[in-house]
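Coordinate analysis (summary)
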Amino acid sequence: MGGFVGMVFGWLIAILLHSFTPVPAYVPIGSIVVALTAAAVTGLLFGIYPASKAARLDPVEALRYE
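Basis of the calculations
- Residues numbered from 1 in each chain as written.
- Predicted model: local features only at pLDDT ≥ 70, side-chain atom pairs only at ≥ 80, totals over all residues.
- Heavy atoms only, no water.
- Helix = DSSP H or I, 4+ residues; strand = E, 2+ residues; numbered from the N terminus.
- Rg over C-alpha atoms; globule rule 2.2 N^0.38 Å.
- Buried < 20%, exposed > 50% of the residue type's maximum accessible area, 1.4 Å probe, protein only.
- Axes fitted to C-alpha atoms, helices over the stretch in contact; angles between N-to-C directions.
- Parallel < 35°, antiparallel > 145°, perpendicular 65-115°, else oblique.
- Left-handed = near helix turned anticlockwise from the far one by under 90°.
- Contact = heavy atoms within 4.5 Å.
- Nonpolar A, V, L, I, M, F, W, Y, C, P; charged D, E, K, R; others polar.
- Patch = residues over 30% accessible without salt bridge, like charges linked within 9 Å, V, L, I, M, F, W, Y side chains within 5 Å.
- Areas by Shrake-Rupley, 256 points an atom, 1.4 Å probe, with all protein chains shown as cover.
- Salt bridge = Lys/Arg side-chain N within 4 Å of Asp/Glu carboxyl O.
- pLDDT = per-residue confidence, 0-100.

Attention now moves to the overall build of the chain. Counting secondary structure elements, the chain contains three helices and zero strands. For a compact globule of 66 residues, the expected C-alpha radius of gyration is about 11 Å, and the chain comes in at 20 Å, more than 25% above that figure. Here the chain holds 66 residues, and the buried ones make up 2% of them.

Here it is in structure tokens:
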């Protein structure tokens, strides 16, 4: 979701930049694919790894606050 929101904000900034300045701003499709892939990989790595680590713990130990 964060990758999608970032993509929309980047697209809006490019449109505003193109509208108010003579800079020919555009967002290439390759950049969108790379950015969304990086966001998905990051989200999966930092979501699945802690979840699988916690799944191996005893529920009482996992909920204990130290």
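Let us keep going from here.
The next thing to look at is the environment of L45. Tracing the sequence through the fold places L45 in helix α2 (residues 29-55). Look at L45 and you get exposed, because its relative accessible area is 54%. For the pair formed by L45 and G3, sequence separation is 42 residues and the distance between their alpha carbons is 15 Å.

We now examine the packing of helix α1 (residues 2-20) against α2. With their axes 8 Å apart at the nearest point, α1 and α2 run at an angle of 150° to one another. It follows from the interaxial angle that α1 and α2 lie roughly antiparallel. Between α1 and α2 lies a crossing of right-handed hand. Touching G3, F4 and M7 of α1 are I32, L36 and A39, all from α2. Residue classes in the contact of α1 with α2 are distributed as five nonpolar, one polar and no charged.

Attention shifts here to the environment of A39. Here A39 lies in helix α2. A39 gets classed as partly exposed once you look at its relative accessible area, which sits at 33%. As a C-alpha pair, A39 and M7 span 32 residues in sequence and 10 Å in three-dimensional space.

A surface patch of nonpolar side chains, about 890 Å² in accessible area, is lined by M1, F4, V5, V8, F9, W11, L12, I15 and V27. Structurally, the position occupied by F4 is in helix α1.

What follows deals with the confidence of the model for the chain. On average, the chain scores 84 in pLDDT, and the residues at 70 or more come to 97%. Within the chain, the lowest mean pLDDT, 79, falls on helix α3 (residues 59-63), and the highest, 88, falls on α2.

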